[in-house]
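Next come the chains, spelled out residue by residue.
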Amino acid sequence: MEENREGHGFAEGKILFIWMILFVVLVLLPSMFRVSLGISHFYVKIVIKMLEWATLHIEEGVKKQKALALENLISTGIIQREETSMEQEIAGQHRGHFSLADVIYFSKKGCEAIAEDEVTRRFSSEELVSWNLLSRTNANLHHVSWQLTVVWVIGTLIRYCLLMPFRACLAVFSILLLVSATTVVGQFPNGRFKCWLSNQVQMICATLGVRCLGGLVHFHNRENRPREGGICVANHTSPLDVVILASDGCYSLVGQAHGGLLGLIQKSCMQTTQHVLFERSEMNDRHLVRKKIREHIADKAKLPILIFPEGTCINNTSVMMFKKGSFEVGGIIHPVAIKYDPRFGDAFWNSTKYSVMTYIFNVMTSWAIVCNVWYLPPMVKEEEEDAVHFANRVKAVIAAQAGMSVLPWDGGLKRKKVKESFKEEQQRKYCQIVIENGSVGNRNVC
């Protein structure tokens with residue numbers, strides 16, 4: 001009996017040793033040297049082939065009536081819109097007098113906003129063109145054929161029973177490595193060696209973090225990567241943005257101080273790198289924020305500062321208003337465009353609906369997180385250009401590169417009501433249209 005126990009224990013130890021060797025060779029060492037063995041690329045190609053096969057089976061299995069309903073379900077909009085401005089639609093109808101028919105225009109716009117406005121849907125997950133075999137997006141499509149049901153069941157077992165446990169273990173290892181390594185490095189005297197070692201630790205941990213999410217990131221134009229003393233601005237979809245960018249370079253972060261798991265990671269990074277973190281009460285003090293950013297970028301030896309000017313997570317279909325604060329402090333702006341592929345998993349974090357842990361669970365049970373990152377040429381504010389126009393110019397460049405729409409609305413509308421200034425602006429536009437068409441002689445009515 002004792003010999004059998006010893007033999008069983010030896011076999012378990014041997015299996016554990018083999019797993020450790022595989023982990024070090026296939027995961028840890030490639031992360032340390034930031035090289036790819038091609039495993040993720042091969043895995044993503046298999047998933048793409050499977051999704052293409054599933055799409056064909058859905059198209060063949062759904063009847064004509066159901067196909068029409070499916071097309072309506074996965075369309076990007078509930079209602080048909082005419083992309084015309086108030087000036088184009090109303091001004092052409094005026095003939096030098098006020099028209100009561102203008103009420104119809106505002107009533108139509110109000111009904112469109114109630115049914116589906118262009119802002120609220122940016123705070124929910126992006127609609128998919130075809131089903132990606134994930135339970136949370138299936139719309140009961142796995143009942144179309146028995147072959148599709150079998151593939152869906154097998155895929156669910158692989159994601160939840162194989163990928164998720166491995167990713168969870170790797171995530172725990174990455175966090176423990178970050179906390180312990182930054183604690184040790186934090187004890188070193190300040191100097192170049194400490195900065196170099198801190199940067200290596202954070203980039204290795206970030207690379208491990210990308211791998212534990214099944215991430216496959218394609219970086220473009222690396223010659224435009226942000227330099228020391230500059231400001232890196234990017235569109236914001238989720239906390240994964242920070243992990244992805246940190247896997248290819250080191251940054252000082254500007255953002256709100258969090259509690260829980262995110263707070264632990266922030267405190268660990270603060271031991272070795274200077275970040276600009278604020279409490280929620282301080283975030284409302286724009287002067288204090290600008291002062292700290294200006295002090296940071298004044299030191300050209302410090303890491304580039306990473307800012308998400310939208311101030312909240314958007315679903316990666318559009319770029320919303322950039323806050324002007326980061327564009328008022330001067331310095332060189334390094335735009336970065338981040339675009340996720342929604343076929344493999346939803347990277348968007350709807351913080352009003354999901355907690356951090358629920359979001360991480362959803363990401364870890366997805367097929368993968370695949371995205372493209374473009375480093376765009378640095379930009380500076382032109383003479384006589386104010387911060388608002390500069391912010392809009394940078395936003396337009398990012399949106400154009402990532403293939404996203406540009407919206408003038410504030411991302412803060414996720415939690416707040418529309419500002420009165422927006423309403424007043426629309427009122428002024430209409431008043432100006434009426435004046436220019438000669439129905440009002442006194443321009444002071446506005």
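About the thresholds
Residues numbered from 1 in each chain as written. Predicted model: local features only at pLDDT ≥ 70, side-chain atom pairs only at ≥ 80, totals over all residues. Heavy atoms only, no water. Helix = DSSP H or I, 4+ residues; strand = E, 2+ residues; numbered from the N terminus. Buried < 20%, exposed > 50% of the residue type's maximum accessible area, 1.4 Å probe, protein only. Phe/Tyr/Trp six-rings, centres within 6.5 Å; stacked < 30°, edge-to-face > 60°. Contact = heavy atoms within 4.5 Å. 1 Å grid on protein atoms, 1.4 Å probe; cavity = no way out; pocket = protein on both sides within 12 Å on 5 of 7 lines; lining within 4 Å. Points joined across faces, edges and corners; volume = space filled by probe spheres on them. Nonpolar A, V, L, I, M, F, W, Y, C, P; charged D, E, K, R; others polar. Expected span 1.5 Å × (residues − 1). Arc of directions from axis to C-beta. Salt bridge = Lys/Arg side-chain N within 4 Å of Asp/Glu carboxyl O.

(A) Layout of unusual backbone geometry. One non-glycine residue with positive phi stands out, namely Asn 221, at about 55°. Topologically, Asn 221 is positioned in the loop between strand 1 (215-220) and strand 2 (231-234). On the basis of relative accessible area, Asn 221 is assigned to the partly exposed category, the value being 34%. Even without being a glycine, Asn 316 presents a positive backbone phi close to 70°. Structurally, the position occupied by Asn 316 is in the loop between strand 5 (305-307) and strand 6 (318-319). Among the residues examined, Asn 316 registers a relative accessible area of 4% and is labelled buried.

(B) Seen up close, the packing of aromatic side chains. In total, this model carries seven aromatic pairs according to the counting rule given. Judged by centre distance (6.2 Å) and plane angle (15°), the ring pair of Phe 322 and Phe 327 falls under stacked. As far as the burial class goes, Phe 322 and Phe 327 line up, both buried. Residues Phe 327 and Phe 390 carry aromatic rings whose centres are separated by 5.5 Å and whose planes lie at 85° to one another, so their mutual orientation is edge-to-face. With Phe 327 in the loop between strand 6 and strand 7 (333-340) and Phe 390 in helix 13 (residues 387-402), this pair connects stretches of sequence that are 63 residues apart. A single burial state applies to Phe 327 and to Phe 390, both of which are buried. In this structure an aromatic cluster arises from ring pairing among Phe 188, Phe 193 and Trp 196.

(C) The arrangement of the environment of Met 379 in detail. Of note, Met 379 is situated in the loop between strand 8 (369-375) and helix 13. Exposure remark for Met 379: the relative accessible area of 11% places this residue in the buried category. Between the alpha carbons of Met 379 and Phe 390 there is a distance of 9.2 Å; along the sequence they are eleven residues apart. Discounting chain neighbours no more than four positions away, the residues touching Met 379 are Ile 332, Ile 333, Pro 335, Phe 390, Arg 393, Val 394 and Val 397.

(D) Highlighting empty space enclosed by the protein. Inspection of every chain in the model, using the stated rule, returns one cavity of 30 Å³ or more. Quantified by volume, the largest cavity comes out at close to 30 Å³. The wall of the largest cavity is formed by Val 210, Leu 213, Gly 215, Val 217, Ile 244 and Ile 369. Class assignment of the residues belonging to the lining of the largest cavity gives a composition of five nonpolar, one polar and no charged.

(E) Representation of helix 13. Between its first and last C-alpha atoms helix 13 spans 23 Å; for 16 residues at 1.5 Å apiece the expected length is 22 Å, and the two agree. All buried positions along helix 13 are accounted for by Ala 387, Phe 390, Ala 391, Val 394, Lys 395, Ile 398, Ala 399 and Ala 402. Around the axis of helix 13, the buried residues are gathered within 165° of arc, so they sit on the same side. Residues His 389 and Ala 400 are exposed on helix 13 and point more than 90 degrees away from its buried face. Contacts from the buried residues of helix 13 go to strand 2, strand 6, strand 7, strand 8 and strand 9 (405-406). The first or second residue beyond helix 13 is Gly 403, which carries a positive phi of 70°.

(F) Spatial organisation of the pattern of salt bridges. Across all of its chains, the model carries six salt bridges by this definition. A salt bridge links Arg 225 to Asp 248; the nearest nitrogen and oxygen atoms lie 3.6 Å apart. A residue pair is termed long-range when its members are at least 10 positions apart, and Arg 225 in the loop between strand 1 and strand 2 and Asp 248 in the loop between helix 8 (240-246) and strand 3 (252-256) qualify at 23 residues. The class of Arg 225 is partly exposed, set by a relative accessible area of 31%. On the basis of relative accessible area, Asp 248 is assigned to the buried category, the value being 8%. Between Arg 343 and Asp 341 there is a salt bridge, with its nearest N and O atoms 2.7 Å apart. Shared partners join several salt bridges into a network, and the residues in it are Arg 222, Arg 225 and Asp 248.

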